[in-house]
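Now for the letters of each chain:
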Amino acid sequence: MTERKPTLTSATTSDSRTAKLSRLNNLTSGQVYARIIEKERRGDYLGKTVQVIPHVTNEIKDRIREVGKKSGADVVIIEIGGTIGI
């Protein structure tokens, strides 16, 4: 019996369908800050100071929810990590 390795190109949904990963499945800090700046310029924050909590954290949570909704997944697994350059 051959062991089957998982792939990084798909995710499994509740009814055993395979959903392809899209650009939404990758989130960078630059994307988060770009959306926050866009919202701030549009006036969504009503002139208030943009803060890490709640604005940045809410943007990250909104993106996670967006991925789950658009993919139809029951569960979204998040990996948090990164590297620091010099």
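Residues numbered from 1 in each chain as written. Predicted model: local features only at pLDDT ≥ 70, side-chain atom pairs only at ≥ 80, totals over all residues. Heavy atoms only, no water.

A. Representation of the side chain of His 55 in the model. Counting through the fold element by element, His 55 comes out in helix H2 (residues 52–71). Of the residues examined, His 55 reaches a relative accessible area of 15% and is grouped as buried. Here the side chain of His 55 touches Gln 51 through a polar contact of 2.9 Å, landing on its backbone nitrogen. Beyond its immediate stretch of four places on either side in the chain, His 55 contacts Ile 36, Tyr 45, Thr 49 and Val 50. (Helix = DSSP H or I, 4+ residues; strand = E, 2+ residues; numbered from the N terminus. Buried < 20%, exposed > 50% of the residue type's maximum accessible area, 1.4 Å probe, protein only. Polar contact = N/O pair within 3.5 Å; in protein donor to acceptor, adjacent residues only side chain to side chain. Contact = heavy atoms within 4.5 Å.)

B. Here's a closer look at unusual backbone geometry. Following Ile 53, the chain continues into Pro 54 via a peptide bond in cis, with omega recorded as 20°. Relative to the assigned elements, Pro 54 resides in helix H2. A positive phi angle is found at Leu 46, which is not glycine, with a value near 55°. With respect to the helices and strands, the residue Leu 46 is situated in the loop between helix H1 (29–42) and H2.

C. Representation of the environment of Tyr 33 in the model. Following the sequence through the fold, Tyr 33 ends up in helix H1. What makes Tyr 33 partly exposed here is its relative accessible area of 44%. Put simply, Tyr 33 and His 55 are 22 residues apart on the chain and 9.8 Å apart in space, counted from C-alpha to C-alpha.

D. Representation of the environment of Arg 63 in the model. Looking at the element boundaries, Arg 63 is found in helix H2. On the accessibility criterion, Arg 63 (7% relative accessible area) is buried. Arg 63 sits 36 residues away from Leu 27 along the chain, and the two C-alpha atoms are 8.1 Å apart. Beyond its immediate sequence surroundings of up to four residues, Arg 63 is in contact with Arg 23, Leu 24, Asn 26, Leu 27, Gln 31 and Arg 35.

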